[in-house]
Protein chains: 2
Amino acid sequence: MHVFVFKQAPVHKRLRLCPCRNPALPPSLAPKRMILLLESPQYLLPALQNLKYDSIVRYSTIKMVKSKSWTMVKHFEGLPKLEDFKLEEKELPPLKDGELLLESVFLSVDPYMRPYSKRMMKPGDVMIGSQVARVVESKNPAFEVGTYHVTNVGWTTHFISDGAGFQSLPKEWPENLPRSLAVGAAGMPGYTAYFGLLEICNPKEGEVVLVNCAAGAVGSLVGQIAKIKGCKVVGSAGSDDKVTYLKEIGFDEAFNYKTVNSLEEALKNASPEGYDCYFENVGGNYADVALQQMKQFGRISVCGAISLYNDSVPATGPYIQTYMLFKQLRMEGFLVTRWMQRYPEAQKHLLKWIAEGKLKYHEHVTNGFENMPAGFIGMLTGENIGKAVIKV
Amino acid sequence: MHVFVFKQAPVHKRLRLCPCRNPALPPSLAPKRMILLLESPQYLLPALQNLKYDSIVRYSTIKMVKSKSWTMVKHFEGLPKLEDFKLEEKELPPLKDGELLLESVFLSVDPYMRPYSKRMMKPGDVMIGSQVARVVESKNPAFEVGTYHVTNVGWTTHFISDGAGFQSLPKEWPENLPRSLAVGAAGMPGYTAYFGLLEICNPKEGEVVLVNCAAGAVGSLVGQIAKIKGCKVVGSAGSDDKVTYLKEIGFDEAFNYKTVNSLEEALKNASPEGYDCYFENVGGNYADVALQQMKQFGRISVCGAISLYNDSVPATGPYIQTYMLFKQLRMEGFLVTRWMQRYPEAQKHLLKWIAEGKLKYHEHVTNGFENMPAGFIGMLTGENIGKAVIKV
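Residues numbered from 1 in each chain as written. Chains lettered and ligands numbered in written order. Predicted model: local features only at pLDDT ≥ 70, side-chain atom pairs only at ≥ 80, totals over all residues. Heavy atoms only, no water.

Caption draft 1: Spotlight on the overall build of chain A. Tallying secondary structure elements over chain A gives 12 helices and 20 strands in all. A sequence separation of at least 24 residues applies to 66% of the contacts in chain A between residues at least 6 apart. Put simply, chain A shows about 17500 Å² of open surface, and 51% of that area lies on carbon and sulfur atoms. (Helix = DSSP H or I, 4+ residues; strand = E, 2+ residues; numbered from the N terminus. Contact = heavy atoms within 4.5 Å. Areas by Shrake-Rupley, 256 points an atom, 1.4 Å probe, with all protein chains shown as cover.)

Below, the structure written as structure tokens:
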């Protein structure tokens, strides 16, 4: 194999090609082909058109782009701990035709990562998750440098992709809104609230909607969307600050489930007539109590069960079939991905409501990729109001 | 008040009116009016048209119609016992204008009576339930003597009604079918199977449907309707005879849940790929095991929870929210009455399928109203194949 490295780009008036074997060259580029490594190929291509190289790749990509990732050392037991995570670094190979290099700008930490780590990951894998990422180099005409996309490549600072499965941020992203909303109120948690409430609970004007984890990324939106639809909204959360926040954003009733004497009483006081809709983020004992206060034909949207995610031994409670039966309740679990084709519709509504001031959002930002495990653990223990994000 | 009793009907050629005060005359007929009591007014009315009585009522109704009812002495604890029931007798008053006298021909015993006794009844009340009843006397032109109706007046041999809420049997009731089907395969259990399966599970051709209590009044129909819709059907029941019956009526797989080594294994063997639809009659531990074998987007129709009805202390099991969530399951409890407006549609289909031989029915008939409590207890302990009915 012959590799030519041109070291002084973009000074194409002083072209100087030096044959070498670059020890950093990754195996994927090792066929016996003529490859020209350049620091800035876009400047030099016109000048080099008459040379017959098989590939012209960016020198700096090979030499300089390092990607950091957080891997899971071993499966979590109970609440994840800092030592369950390991920061790893690797160099990324140069881009091939059709590929992009992206850098993560905001990374999302979400409750689903806890149960999914068990279902989808093995020790040593990069933690699952999504991010808002910016294209920093492109060999794919469909994706311009500088554009932003929501991607789903896990806890990683830099990565190469062909762009498949990207949810691109609208080019007309409102200037006054942070792009982190694309993994927040106008992204997955927003879609979750939008579809999980509207499609599964289908709340009617005047009905009573109960939301728990109500100050969380999803719950806070569910309550506000229910208000937009003309419902009475009751929310519970785990601190007085959160309760204050819920009242600020328009919940009719809110209480701190950790300090009330009895959850049953608190729910009864908040809505003596009972509940038509119940947006479930908690599960377990909370659900037992809430189920008893559903009205006939009540609808329960099971979005999460955070009280159960860290159990090593499954928790138990009374069987629910008799409640389901005599109150004719409907309970449905969902993963938001089932509505993936309709994300743009939801994003349009969510951004519109945000712009109109009908949907307020709050972000709990952890600065620095190195703090991502701590941000994740904090989110699981409920330290956040609104959406927990990591700013790289 | 003057009351005239004509004693020798229908011999209207020898009319003989004798004024009297009848001590059996109930207070509702005590206004100071002229009332003619006759044994068979329909024969005599033409002859008496010129007499100005305020009311002409049937003498035999007052004197002779005794109604027997089974009352609940005290709320059941665990499985109902014979001494929890008491047979009571009373005389019925004469009919007023607009009323009918009916006699029960077939009475239904159903699982729902056990939990509903707790919810709707107090000690001393007549046991709730429905029957096929025949009009034996009518002062309501909308209901002819000799017509049959499904009524909902409890465990009673005779009763007076204005006909409100009756579900009348079609006049063209097929000659070769017993009218008991109107409280069975072409009645409430039939509607329950029809709507509970089709509306809630909405099974598609080729899907796998699980039914428990499969040899019961509802389960046996659910399985057959699922077959009509092109599904693979798996049923479980509590005796080898029932399993044999299930195979006779076309279930693809059937097993005796009491004798299999492991319910989990039995369900896996019957459908290694899992289940799309689950028609739930049992609840409790059975549901725990079955839930784990649902496929993504599985639907669970909660029709009953017979394993839980007799519990004095609510039984417990693992929380189900995580299963509901990650498999995106939908579970809905229902009472068939929500589809009351559509009963005629269901009955038409059910009778058609029965006539075509696509829907087989089996009745477990207990003879004699005096044996009704025993028939009820037997049904709760699973002695019946198909529908348990009492023939008066």
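Caption draft 2: Structural view of the environment of leucine 291 of chain B. Residue and element names in this part refer to chain B. With respect to the element layout, leucine 291 can be found in helix H8 (residues 284-291). Note: C-alpha distance between leucine 291 and lysine 327 (36 residues apart in sequence) is 9.5 Å. Non-local contacts of leucine 291, meaning those with residues more than four positions away in its chain, are made with Ile300, Ile320, Tyr323, Lys327, Leu329 and Met331.

Caption draft 3: Molecular detail of the pairing of strand E7 (residues 100-108) of chain A. All names here are of chain A. Summarising burial for E7: seven of the nine residues are buried, a large majority. Relative to strand E8 (residues 131-138), E7 runs antiparallel, the two sharing seven bridges. Residue pairing across strands places leucine 107 opposite glutamine 131, the latter belonging to E8. Pairing of E7 with strand E10 (residues 158-161) involves four bridges; the strand directions are antiparallel. Among the inter-strand pairings, leucine 101 is bridged to a residue of E10, identified as isoleucine 160. Note that E7 and strand E20 (residues 387-391) share three bridges and pair antiparallel. Looking across to E20, one finds that phenylalanine 106 is bridged to lysine 391. (Buried < 20%, exposed > 50% of the residue type's maximum accessible area, 1.4 Å probe, protein only. Pairing = 2+ DSSP bridges.)

Caption draft 4: Focus on helix H11 (residues 343-355) of chain A. Residue and element names in this part refer to chain A. Relative to the 18 Å expected for 13 residues at 1.5 Å per residue, H11 spans 18 Å between its end C-alpha atoms, a close match to the ideal helical length. Within H11 the residues assigned to the buried category are Tyr343, Ala346, Gln347, Leu350, Leu351, Trp353 and Ile354. One face of H11 carries all of its buried residues, which in axial projection span an arc of 160 degrees. Exposed and oriented more than 90 degrees from the buried face of H11 are Pro344, Lys348 and Ala355. After H11 finishes, the residue glycine 357 shows a positive phi value of roughly 80 degrees. (Expected span 1.5 Å × (residues − 1). Arc of directions from axis to C-beta.)

Caption draft 5: Spotlight on the pairing of strand E14 (residues 253-256) of chain B. Residue and element names in this part refer to chain B. Bridge count between strand E13 (residues 232-237) and E14: four bridges; the pairing is parallel. In the strand pairing of E14, valine 234 is matched with glutamate 253. With helix H6 (residues 240-248) bridging E13 and its parallel neighbour E14, the resulting β-α-β unit is right-handed. (Right-handed = clockwise from strand over helix to strand, strands pointing away.)

Caption draft 6: Broad picture of the environment of glutamate 91 of chain B. All names here are of chain B. As for its position among the elements, glutamate 91 is in strand E6 (residues 85-91). Overall, glutamate 91 belongs to the partly exposed group, its relative accessible area being 43%. In this structure, the C-alpha to C-alpha distance between glutamate 91 and histidine 158, residues 67 residues apart in sequence, is 9.6 Å.

Caption draft 7: Broad picture of the packing of aromatic side chains. This model, assessed by the stated rule, comprises 32 aromatic pairs over all chains. Between tyrosine 116 of chain A and phenylalanine 326 of chain B the ring centres are 5.1 Å apart and the planes differ by 70 degrees, which places this aromatic pair in the edge-to-face class. Here the residue tyrosine 116 of chain A occupies a position in helix H3 (residues 113-120), and phenylalanine 326 of chain B occupies one in helix H10 (residues 321-326), the pair thus bridging two chains. Judged by its relative accessible area of 15%, tyrosine 116 of chain A is buried. Joined through ring pairs, the aromatic side chains of Tyr194, Phe195, Phe279, Phe334, Trp339 and Trp353 of chain A make up one cluster. The ring of tryptophan 339 of chain A is capped by arginine 338 of chain A, whose NZ or CZ atom sits 4.9 Å from the centre of that ring. (Phe/Tyr/Trp six-rings, centres within 6.5 Å; stacked < 30°, edge-to-face > 60°. Lys NZ or Arg CZ within 6 Å of the ring centre and 35° of its normal.)

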